[in-house]
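Examining the three-dimensional arrangement
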Amino acid sequence: MSILQVRELTKVYGKDDAQVTALDHVPFSVEKGEFVAIVGASGSGKSTLMHLIGGVDRPTSGSVTVDGMDIFSLNESNLAIFRRRNVGLIYQFYNLIPTLTAEENVILPHLLDKRRPDPKKLAEMLDILGLANRKDHLPGQLSGGQQQRVSIGRALINDPAVVLADEPTGNLDSQKSRSIMELLKLFNRQYNQTLLLITHDEKIALQASRIITLEDGRIKRDEAVRA
Amino acid sequence: MRPITATLALSQLRQNRKRTILTIVGIMLSVAMITAVFGFAASGIEALRGLVGDQHVHSYSSVFIWMSAIFGSIIISASVIVISNAFRISASERLRQFGILKSVGATRRQILKIVLYEGLYLSLIAIPAGIIVGLLVEWLGTSIGDTLLAPMNKLLTNTEGIIRMQFVLNLPSILLALCLSFFTIMLSAFFPARTAAKVPAIEAIRLTRDIKSDKNRKPRAHRLSRLLFGFEGTLAAKSIRRSKRSYRAMVAALTISIVLFLVCGGLDSQMTMTMNQAYMNIDADSVVYLTSKEQTLLPQTDELTEKLAAYPDTQLYTLRVDKRYHLPADDPSITSLLQTAMSNDGMPTSLRVALVTPDAEHYAELCRLADVPVGSTILINSTRQLVEGKSVEFQPLTYSGQTLTLEGPEQPLSLSLDAQLTGAQLPQEVAYLSNYPVTIVVADASPNQCLWFAKTPDSEAFSKYAWELLQSYVDADTAKTGQYSYNAEDITSITDMTRSLTKLITIFLYGFVGMLSLIGLTSVISAISANVQLRAREFAVLKSVGMTERSIRRMLALESVMSALKSLLYGLPLGSAAMYLTYTALTQQDGFQFVYPLSLPLEAIAGVFVIALITTQYAAGKLRGGSIIDTIRMGDGV
C-alpha cells in the first residue's frame, strides 16, 4: 500500500468574485522510500499542496491518507498529534523557534510528545547533520545552512512517514544548497525515508526519482527520472 | 523533566528580557497596590479600634472594607487591561512561532499552556516582589499618616481614645492580595492565550491575520493629520488604525489614568474647599461657648467676658444668645422656602428663634451696617437649612418693618423690626448662628448661651485657659453642674488638623493615581516597543524607498502624539463628568458652587504628553541597527 495517497484534492481560496482555485482535483500516490519532486511556476499550487499534505491547512474537498490514516478525519488535536509523529516539514525560511537551542529545536516533536529521544540516535542525527558541536547554539547564532540542517533534523527525528520540504534550498547559496540536497538524499537512501520536495529549480528536481509538474492547480506531468 | 511548554515560556521570558522586566514591574505595581490598599484598610480598622473601642469597630469597619473593595476593583480592572495587553503583545509577536509549533505538531492546549506558563513564571517573581513593595508602601503611608494625625491626637487627649495609624501585618489581607493578584494575572494571560491558540497553523505561518484585516478595512487617514503632520502624519494615522488593538490598550490605559487623575484631583480640591468652608471661614483662633441646657438664663457673664478679654493680646467678639423664643409657624412673613424646609421636620407649630446681642462695640458696628441708630432691633434675614437633602442658604422671612410676636417661656414678646441684614452683609460670627431659622439682633438679650470668638496668638494656651475658667465658673455652684455645657475649641489646631487630614488624603489619592499611571506607562512602553519590532520590515521597506530615519522617528513620535490626543479626547470629558458626578454624589451643601479646577486638565494634558515623549524616545532607541535588506528578506523569517 502507498505511504501517501492524495485523492481529488481541491483547495479554493476566497469567496465569490475573488475565488481562486489553488488545487483542482489533484490525485497521486507515493510509495515508501520514493523521492518525489513537485515542480511548478509560482502560483501553481505547490505550497498549498504541501500545507495540505502536512495537515496544517484543510482542503475544500478531497482526502489525504498518510500511512493508512485519512488525516482530515481527525479533529484538530489528534491531527496535531498525528503530525508530530508522522509528518516532517522543512521550510524555505527554516522556521525554527528562536528561543530554543539547535538540539532542542531538533527534538521539539519529541518534547511536544513529552518524550525524550534515544540519546544514541540523537547524537547520530546531530553528527550526520554536522551540528554536533553547535547543538547548544540558538538559531540566531547559526548560519543559514546550519539553520536549515536543524530544521531537517527536526523533520526527521521522529522517522516520519513522509517528509515534506518546501524550497529547502531557496534561501541558500549554491554550495550550501548542494550539501543540503546531499543530506536529504542520504536520508532518502540510507533510511528509506519518503521525501516530497517542492521546488521551482529544475536542477534540484532532477535529483529526485520522480517529478510531478503542477500547473494552475492540476498535474501536468508525472514522470520517473532516469538515473 | 520540565515540559516543553514550560521550557518555551521560560526561554521566551529570558530572550525578551527587557519586556519581561517591564511586565514584571507592571504586575509588581498592581500587586503592590492591591496589597497596599488592603493593608491600609486593615490599618484603618485598627486605628478605629483605638478610637472607638472593640465593641463599635465593627459598625465602622465596613466602610473600610467597601472602600478597599472599590479601590481594589479599579486596580484589578486596570491591571487586567494592562497585563493582558502585555500578554497579547507577546503572543501576537509569536503568532508565527506558534504556527511553527503547530506545524510540528503542537496542540491548541499546548499553545495555551505556553502563554499560561509565562503568566505563572512572571507571577512567581512579580507577586512576592509586589507584596513586599506593597507592604513598604503601606509602612511608608501609615508612618506619614501617623505623623499627619498627630495634631488630631492633641485635640483628642481630653476624650477617651486616640487615633493612630499603625503598620499592620494582616495575614488574611496579604493572602487575599496574593490570590486576587494571581487570579488577575492568569485571567489576563488566558484571553490572549486562547486567541493565539485558535489561530490556524497555516495563517500563523503566513501571518495572514494582519493582512486580512487590512483587506476588510483599508486604513484611511484623515486629511487633517496629513495637513497637520505631513506625509509622516498620514502614515502614522494609518498604522494606528491598522494596529488598532495595541493602541486601544494604550489609549485605554492612558484614558483610565486621566479619568482617575481628574476624579481624584476634583475630590481633593472639593475636599479642601469644604474643609476651608467648615472651619477657616471663622476668622477666630478659638471659639468658647457656655450653654444652659434648660430654659434658665445664665447669670451675669460680664465677669467671664472680662476675664477672657484680659488674656494677653486677645480680642473678643462676644455674642449673648437667648434661645427661649419661638415664632408661630403661621406667621404671614414666613417665606415659602422656609416652609418647605420646615416641612422636612413634619411641620412644627413654631420656629426656633435666636435673639442675639453682640458686645457693645460690635453691636454698634451692626447698627451702622444696617443704617439704624444703636438700640435698634435688626432682623438677620439669612438662614441655612436642608431643603430636599441639600443645605441651602436663603431668606427665611419677608421683611417689611413688621412687628413679630414671639412665643416665650412666660408671656409673648412683641418685637418691632427696624432693619434687616442679609447673607453677604453679615459678619461671620453672626452668620455662625445661621442654623436658627430666625435670628434677630436686639439691644439687650438675656442670654442662655454665650459665645466668645477670640483672636489670640497662642490658641492652644488660650483655649486651655478659657476651658479652665469655664470649668471653675460652673463648678463654683454645684447646682449648675450638669445644667451647663461648655467648651473652648482650639480652631487653629482644628484647622491644622483638617489641613493635615486633607494633605493625608491628597497624598493617598495622588499616590493611587500615580501608581496606576505607572502601570499604564509600563504597558504603553511595551506596546510601542513591540510595535516597533513587529514593524521592522515595514520600516525597512520605507527606508528602502528613501524614507530617512529621521522621518521614521517623526512618524513614531506622531503615533504617540495621536494616541495621547485620542486618550485626552476620551479621558477629559469622561473624567470631568465623573468629577462632577462625585461632586454631586458627595456634596450636601450648595454653599459653594461646583468650580471646575482648571489646573487639573492642564496637568493631565502635560502628563500625557510627557508619557508620549518618553515612549517615543524609547521606541526610537529600538530603531537603531539592522541593514535594510536583511530586514526585508528575513522579515518573515525567524
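Residues numbered from 1 in each chain as written. Chains lettered and ligands numbered in written order. Predicted model: local features only at pLDDT ≥ 70, side-chain atom pairs only at ≥ 80, totals over all residues. Heavy atoms only, no water.

**Considering the overall build of chain B**
Within chain B one finds 20 helices and 13 strands. Every one of the 638 residues in chain B was classed for burial, and the buried ones make up 51%. Long-range contacts, defined as pairs at least 24 residues apart, comprise 82% of the intrachain contacts of chain B with a sequence gap of at least 6. By element, 61% of the accessible surface of chain B is carried by carbon and sulfur atoms, the whole surface being about 30,000 Å². (Helix = DSSP H or I, 4+ residues; strand = E, 2+ residues; numbered from the N terminus. Buried < 20%, exposed > 50% of the residue type's maximum accessible area, 1.4 Å probe, protein only. Contact = heavy atoms within 4.5 Å. Areas by Shrake-Rupley, 256 points an atom, 1.4 Å probe, with all protein chains shown as cover.)

**Some remarks on the interface of chain B and chain A**
Between chain B and chain A, the residue contacts involve 28 residues of the former and 29 residues of the latter. Applying the counting rule to chain B against chain A returns two salt bridges. The partner of Lys 102 of chain B in a salt bridge is Glu 76 of chain A, and the shortest N-O contact between them spans 3.9 Å. For the interface between chain B and chain A, the tally reads seven residue pairs in polar contact (both at pLDDT 80 or more). Those elements that provide at least two residues to the side of chain B that touches chain A are α1 (4-15), α4 (95-103), α5 (108-156), α7 (201-206) and α20 (628-634) of chain B. Class assignment of the residues belonging to the side of chain B that touches chain A gives a composition of 12 nonpolar, 10 polar and six charged. (Salt bridge = Lys/Arg side-chain N within 4 Å of Asp/Glu carboxyl O. Polar contact = N/O pair within 3.5 Å; in protein donor to acceptor, adjacent residues only side chain to side chain. Nonpolar A, V, L, I, M, F, W, Y, C, P; charged D, E, K, R; others polar.)

**Observations regarding the side chain of His 362 of chain B**
Residue and element names in this part refer to chain B. Its location among the elements puts His 362 in helix α13 (residues 360-370). The exposure class assigned to His 362 is buried, which follows from its relative accessible area of 10%. At 2.8 Å, the side chain of His 362 forms a polar contact with the side chain of Asp 359. Dropping the residues within four chain positions of it, His 362 is found in contact with Leu 316 and Tyr 317.

**So, the packing of aromatic side chains**
Aromatic rings considered in pairs are described by the distance between their centres and by the relative angle of their planes. Residues and elements named next belong to chain B. All told, the structure shown has eight aromatic pairs over all chains when counted by the stated rule. Between Tyr 117 and Tyr 121, the aromatic rings sit 6.1 Å apart at their centres with planes inclined by 25 degrees, giving stacked as the arrangement. Here the residue Tyr 117 and the residue Tyr 121 both occupy positions in helix α5, the gap between them amounting to four residues, near one helical turn. Owing to a relative accessible area of 19%, Tyr 121 belongs among the buried residues under this scheme. Taken together, the ring pairs connect Tyr 311, Phe 462 and Tyr 465 into an aromatic cluster. (Phe/Tyr/Trp six-rings, centres within 6.5 Å; stacked < 30°, edge-to-face > 60°.)

**A few points about the packing of helix α5 (residues 119-129) of chain A against helix α6 (residues 144-156) of chain A**
Residue and element names in this part refer to chain A. α6 packs onto α5 with a crossing angle of 145 degrees between their chain directions and a minimal axis gap of 10 Å. Handedness of the crossing formed by α5 with α6: right-handed. Two secondary-structure elements touch here, α5 through Met 125, Ile 128 and Leu 129 and α6 through Arg 149, Ile 152, Gly 153 and Leu 156. Partitioning the contact of α5 with α6 into residue classes produces five nonpolar, one polar and one charged. (Axes fitted to C-alpha atoms, helices over the stretch in contact; angles between N-to-C directions. Left-handed = near helix turned anticlockwise from the far one by under 90°.)

**Examining the sheet that holds strand β7 (residues 162-166) of chain A**
Residue and element names in this part refer to chain A. With mixed pairing, six strands are arranged side by side in an open sheet as β6-β7-β8-β3-β9-β10. Looking at the sheet topology across the chains shown, the edges are occupied by β6 (87-90) and β10 (218-224). When strand polarity is set aside, the average angle formed by the axes of neighbouring strands in this sheet is 15 degrees. Bridge analysis of β7 against strand β8 (residues 195-199) gives four bridges, and the strand direction is parallel. Within the sheet, the bridge partner assigned to Leu 164 lies in β8 and is Leu 196. (Pairing = 2+ DSSP bridges.)

**Some points on the nonpolar core**
Core analysis: the largest hydrophobic core is formed by 74 residues, its most contacted members being Leu 108, Ile 152 and Leu 184 of chain A together with Phe 98 and Leu 101 of chain B. The dominant element in this core, judged by the number of residues it contributes, is α5 of chain B, at 10 residues. Among the nonpolar cores identified, the runner-up in size contains 34 residues, and Leu 23, Val 36, Val 64 and Leu 214 of chain A belong to it. (Core = buried A, V, L, I, M, F, W, Y, C linked by side-chain atoms within 4.5 Å.)

**Here's the deal with the sheet that holds strand β5 (residues 69-70) of chain A**
Pairing between the strands of a sheet is mediated by backbone hydrogen bonds and can be parallel or antiparallel. Residues and elements named next belong to chain A. Strand order in the open sheet formed by four strands is β2-β1-β4-β5, with antiparallel pairing between adjacent strands. Each of the sheet's edge strands pairs with one partner strand only, and the pair in question is β2 (20-30) and β5. Of the pairings in the sheet, the one linking strand β1 (residues 4-13) to strand β4 (residues 61-66) comprises five bridges and is antiparallel in character. Paired with Thr 10 across the strands is Ser 61, a residue of β4. Strands β1, β2 and β4 of the sheet are contacted by helix α1 (residues 46-53), whose axis makes an angle of about 120 degrees with β1.

**Section: a nonpolar patch on the surface**
Together, Ile 132, Leu 136, Trp 139, Leu 140, Ile 144, Phe 167, Leu 169 and Ile 507 of chain B give the surface a local cluster of nonpolar side chains, amounting to about 770 Å² of exposed area. Relative to the helices and strands, Leu 140 of chain B is located in helix α5. (Patch = residues over 30% accessible without salt bridge, like charges linked within 9 Å, V, L, I, M, F, W, Y side chains within 5 Å.)

**A word on the side chain of Ser 11 of chain B**
Structurally, Ser 11 of chain B can be placed in helix α1. When its relative accessible area of 8% is taken as the criterion, Ser 11 of chain B is described as buried. Separated by 3.0 Å, the side chain of Ser 11 of chain B and the backbone oxygen of Leu 8 of chain B make a polar contact. Sequence-distant contacts of Ser 11 of chain B, defined by excluding residues within four places in its chain, comprise Thr 99 and Leu 100 of chain A.

**A short note on the pattern of salt bridges**
By the definition in use, this model includes 18 salt bridges over all chains. Between Asp 113 of chain A and Arg 85 of chain A there is a salt bridge, with its nearest N and O atoms 2.7 Å apart. With Asp 113 of chain A in the loop between α4 (108-112) and α5 and Arg 85 of chain A in helix α2 (residues 76-86), this pair connects stretches of sequence that are 28 residues apart. Look at Asp 113 of chain A and you get buried, because its relative accessible area is 11%. Residue classification places Arg 85 of chain A among the partly exposed residues on the basis of a relative accessible area of 42%. Residue Glu 393 of chain B pairs with Arg 384 of chain B through a salt bridge whose shortest N-O separation is 3.6 Å. Residue Glu 393 of chain B is classed as partly exposed on the basis of its relative accessible area of 43%. One salt-bridge network, in which partners are shared between bridges, spans Glu 34, Arg 210 and Asp 222 of chain A.

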